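One letter stands for each residue in the lines below.
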Amino acid sequence: MNIFKLLKPKSTVFYLNKSEPLRLASERLRQSGFTAVPVIDDSGEYIGTVSEGDFLWHILQYSTSIQTIADEHRIVDIVNEERNRAVRIDVTMDELLERVMDQNFVPVIDDRQIFIGIITRKDVIAYFCSRSVSSPEAASQQQ
(Lines give C-alpha, C1' and ligand atoms only; values in the text may rest on other atoms or scores of the structure.)
Protein backbone atom coordinates (compact mmCIF):
# COMPACT_ATOMS: atom_id res chain seq x y z
CA MET A 1 0.00 0.00 0.00
CA ASN A 2 1.11 3.53 -0.68
CA ILE A 3 1.36 5.38 2.63
CA PHE A 4 0.34 8.58 0.86
CA LYS A 5 -3.26 7.69 1.69
CA LEU A 6 -2.46 7.96 5.40
CA LEU A 7 -0.40 11.16 5.14
CA LYS A 8 -1.49 14.31 6.90
CA PRO A 9 0.07 16.95 4.62
CA LYS A 10 2.45 19.57 5.97
CA SER A 11 -0.16 22.27 5.32
CA THR A 12 -2.43 20.65 7.94
CA VAL A 13 0.27 19.77 10.50
CA PHE A 14 1.53 21.92 13.36
CA TYR A 15 5.33 22.24 13.30
CA LEU A 16 8.01 24.64 14.48
CA ASN A 17 10.91 26.26 12.68
CA LYS A 18 14.36 25.59 14.13
CA SER A 19 15.18 29.32 14.25
CA GLU A 20 12.17 30.32 16.36
CA PRO A 21 12.99 31.79 19.76
CA LEU A 22 12.08 29.47 22.62
CA ARG A 23 9.63 32.02 24.02
CA LEU A 24 7.57 32.14 20.82
CA ALA A 25 7.89 28.42 20.17
CA SER A 26 6.82 27.45 23.69
CA GLU A 27 3.77 29.70 23.47
CA ARG A 28 2.83 28.27 20.07
CA LEU A 29 3.32 24.71 21.36
CA ARG A 30 1.13 25.44 24.40
CA GLN A 31 -1.62 26.88 22.21
CA SER A 32 -1.47 23.92 19.84
CA GLY A 33 -2.29 21.43 22.58
CA PHE A 34 0.34 18.98 21.33
CA THR A 35 3.09 17.60 23.53
CA ALA A 36 5.61 16.90 20.74
CA VAL A 37 5.90 18.39 17.25
CA PRO A 38 8.14 18.21 14.18
CA VAL A 39 10.84 20.84 13.64
CA ILE A 40 11.95 21.97 10.18
CA ASP A 41 14.55 24.41 8.87
CA ASP A 42 14.02 27.38 6.56
CA SER A 43 14.27 25.20 3.45
CA GLY A 44 11.65 22.76 4.79
CA GLU A 45 14.01 19.94 5.77
CA TYR A 46 12.96 17.84 8.74
CA ILE A 47 15.38 18.44 11.64
CA GLY A 48 13.83 16.44 14.46
CA THR A 49 11.14 16.63 17.09
CA VAL A 50 10.74 18.82 20.14
CA SER A 51 8.58 18.05 23.17
CA GLU A 52 7.38 19.91 26.23
CA GLY A 53 10.00 18.09 28.25
CA ASP A 54 12.76 19.34 25.96
CA PHE A 55 11.83 22.92 26.86
CA LEU A 56 11.89 22.12 30.57
CA TRP A 57 15.20 20.24 30.50
CA HIS A 58 16.83 23.03 28.50
CA ILE A 59 15.70 25.64 31.00
CA LEU A 60 16.92 23.55 33.92
CA GLN A 61 20.29 23.06 32.23
CA TYR A 62 21.00 26.79 32.38
CA SER A 63 21.16 28.67 35.64
CA THR A 64 20.35 32.03 34.07
CA SER A 65 16.85 33.45 34.16
CA ILE A 66 14.04 31.82 32.24
CA GLN A 67 13.48 35.16 30.52
CA THR A 68 17.05 35.19 29.16
CA ILE A 69 16.85 31.59 27.98
CA ALA A 70 13.50 32.16 26.30
CA ASP A 71 14.76 35.25 24.48
CA GLU A 72 18.28 34.15 23.52
CA HIS A 73 17.87 30.46 22.68
CA ARG A 74 16.26 28.92 19.62
CA ILE A 75 14.37 25.70 18.96
CA VAL A 76 17.45 24.26 17.28
CA ASP A 77 19.11 24.35 20.73
CA ILE A 78 16.66 21.80 22.11
CA VAL A 79 15.46 19.73 19.14
CA ASN A 80 15.91 16.00 19.52
CA GLU A 81 17.16 14.62 16.21
CA GLU A 82 16.91 11.00 17.38
CA ARG A 83 13.27 11.06 18.46
CA ASN A 84 10.60 10.48 15.82
CA ARG A 85 12.96 9.68 13.02
CA ALA A 86 11.42 10.45 9.65
CA VAL A 87 10.57 7.95 6.94
CA ARG A 88 10.54 8.42 3.20
CA ILE A 89 7.26 8.37 1.34
CA ASP A 90 8.14 4.96 -0.13
CA VAL A 91 8.37 3.23 3.26
CA THR A 92 6.63 -0.14 3.57
CA MET A 93 3.62 -0.60 5.80
CA ASP A 94 5.58 -3.09 7.92
CA GLU A 95 8.34 -0.52 8.52
CA LEU A 96 5.72 2.12 9.28
CA LEU A 97 4.05 -0.20 11.77
CA GLU A 98 7.38 -0.74 13.53
CA ARG A 99 7.87 3.02 13.84
CA VAL A 100 4.42 3.76 15.26
CA MET A 101 4.96 1.15 17.92
CA ASP A 102 7.50 3.57 19.42
CA GLN A 103 6.28 6.93 18.12
CA ASN A 104 2.92 8.72 18.31
CA PHE A 105 3.52 10.16 14.87
CA VAL A 106 5.97 9.48 12.08
CA PRO A 107 7.34 12.44 10.09
CA VAL A 108 7.43 11.80 6.35
CA ILE A 109 10.05 13.28 4.03
CA ASP A 110 10.63 13.21 0.30
CA ASP A 111 13.85 12.18 -1.42
CA ARG A 112 15.33 15.67 -0.80
CA GLN A 113 14.75 15.35 2.99
CA ILE A 114 11.92 17.92 2.76
CA PHE A 115 9.20 17.48 5.38
CA ILE A 116 5.90 16.70 3.64
CA GLY A 117 3.69 15.65 6.58
CA ILE A 118 3.08 13.08 9.28
CA ILE A 119 1.34 9.78 9.74
CA THR A 120 -0.23 9.21 13.14
CA ARG A 121 -0.33 6.01 15.13
CA LYS A 122 -4.12 6.25 15.10
CA ASP A 123 -4.22 6.26 11.28
CA VAL A 124 -1.95 3.21 11.02
CA ILE A 125 -4.03 1.29 13.56
CA ALA A 126 -7.21 2.23 11.69
CA TYR A 127 -5.66 1.03 8.43
CA PHE A 128 -4.74 -2.37 9.86
CA CYS A 129 -8.13 -2.72 11.58
CA SER A 130 -9.99 -1.99 8.35
CA ARG A 131 -7.85 -4.55 6.52
CA SER A 132 -8.60 -7.25 9.07
CA VAL A 133 -12.34 -6.55 8.96
CA SER A 134 -12.46 -6.58 5.15
CA SER A 135 -10.34 -9.70 4.68
CA PRO A 136 -12.12 -12.99 3.86
CA GLU A 137 -10.45 -14.73 6.82
CA ALA A 138 -11.78 -12.12 9.23
CA ALA A 139 -15.28 -12.42 7.80
CA SER A 140 -15.30 -16.20 8.22
CA GLN A 141 -14.01 -15.91 11.78
CA GLN A 142 -16.82 -13.51 12.72
CA GLN A 143 -19.53 -16.01 11.66
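All chains use their own residue numbering, which begins from 1 and follows the written sequence. Under the rules for a predicted model, residues below a pLDDT of 70 receive no local features and side-chain atom pairs below 80 are neither given nor counted, while totals for whole chains, interfaces and linings still include all residues. Processing note: side-chain calculations cover all non-hydrogen atoms of the structure and skip hydrogens and water entirely.

1. Remarks on the pairing of strand S3 (residues 36-40)
The buried fraction of S3 amounts to 4 of the 5 residues, a majority that puts the element mostly inside the structure. Where strand S2 (residues 16-17) and S3 come together, 2 bridges link them in parallel fashion. Along S3, the bridge assignment pairs Asn-17 with Ile-40. Two strands are counted as paired when DSSP detects at least two bridges linking them. Each helix is a run of H or I in the DSSP string that is no shorter than four residues. Each strand is a run of E no shorter than two, and both are numbered from the N terminus. Two successive antiparallel strands, S3 and strand S4 (residues 46-51), enclose a turn made up of 5 residues, where Gly-44 displays a positive phi of approximately 95°. Only protein chains enter the accessibility calculation, which uses a 1.4 Å probe. A residue is then buried if its area is under 20% of the maximum for its type, exposed if over 50%, and partly exposed in between.

2. Digging into the pattern of salt bridges
Throughout this description, the term salt bridge denotes a Lys or Arg side-chain nitrogen within 4 Å of a carboxyl oxygen of Asp or Glu. Following the criterion strictly, the structure yields 6 salt bridges and no others. Arg-30 serves as the salt-bridge partner of Glu-27, at 2.5 Å between the closest nitrogen and oxygen. Of the two residues, Glu-27 and Arg-30 are both situated in helix H1 (residues 22-32); the distance of 3 residues between them amounts to about one turn of the helix. Under the relative-accessibility criterion, Glu-27 is labelled partly exposed at 31%. Note that Asp-90 is salt-bridged to Arg-88, the shortest N-O span being 3.6 Å.

3. Notes on unusual backbone geometry
Phi at Asn-84 takes a positive value of approximately 55°, unusual for a residue other than glycine. Inspection of the secondary structure assignment puts Asn-84 in the loop between helix H3 (66-72) and strand S5 (87-88). Although it is not a glycine, Gln-113 adopts a positive phi angle of roughly 75°. Owing to a relative accessible area of 37%, Gln-113 belongs among the partly exposed residues under this scheme.

4. Remarks on the confidence of the model for the protein
Values of pLDDT, the confidence the predictor places in each residue, fall between 0 and 100. Across the protein, pLDDT averages 86, with 86% of residues at or above 70. The contact criterion used throughout is that any non-hydrogen atoms of two residues lie within 4.5 Å. For residues 138-143, every residue scores under 50 in pLDDT, and the model assigns this stretch 2 contacts once sequence neighbours within four places are set aside.

5. Side note on helix H4 (residues 93-100)
Of all the residues in H4, the buried ones are Met-93, Leu-96, Arg-99 and Val-100. One side of H4 holds all its buried residues, which, seen down the axis, span an arc of 115°. Facing away from the buried side of H4, by more than 90 degrees, are the exposed residues Asp-94 and Glu-98. This arc describes the spread of directions from the helix axis toward the C-beta atoms.

6. Regarding the packing of H1 against helix H2 (residues 52-61)
Only C-alpha atoms enter the line fits that serve as axes; for helices the fit covers just the stretch in contact. Angles between N-to-C directions range over 0 to 180 degrees. Axis separation between H1 and H2 bottoms out at 11 Å; the angle between their running directions is 145°. Relative to H2, H1 is oriented so that their crossing is left-handed. Residue-level inspection shows Leu-22, Ala-25, Ser-26 and Leu-29 of H1 in contact with H2, the latter providing Glu-52, Phe-55 and His-58. Broken down by class, the residue content of the contact of H1 with H2 amounts to 4 nonpolar, 2 polar and 1 charged. Rotating anticlockwise by less than a right angle from the far helix to the near helix defines a left-handed crossing, while the corresponding clockwise rotation defines a right-handed one. Polar here means any residue outside two lists: the nonpolar Ala, Val, Leu, Ile, Met, Phe, Trp, Tyr, Cys and Pro, and the charged Asp, Glu, Lys and Arg; Gly therefore counts as polar.

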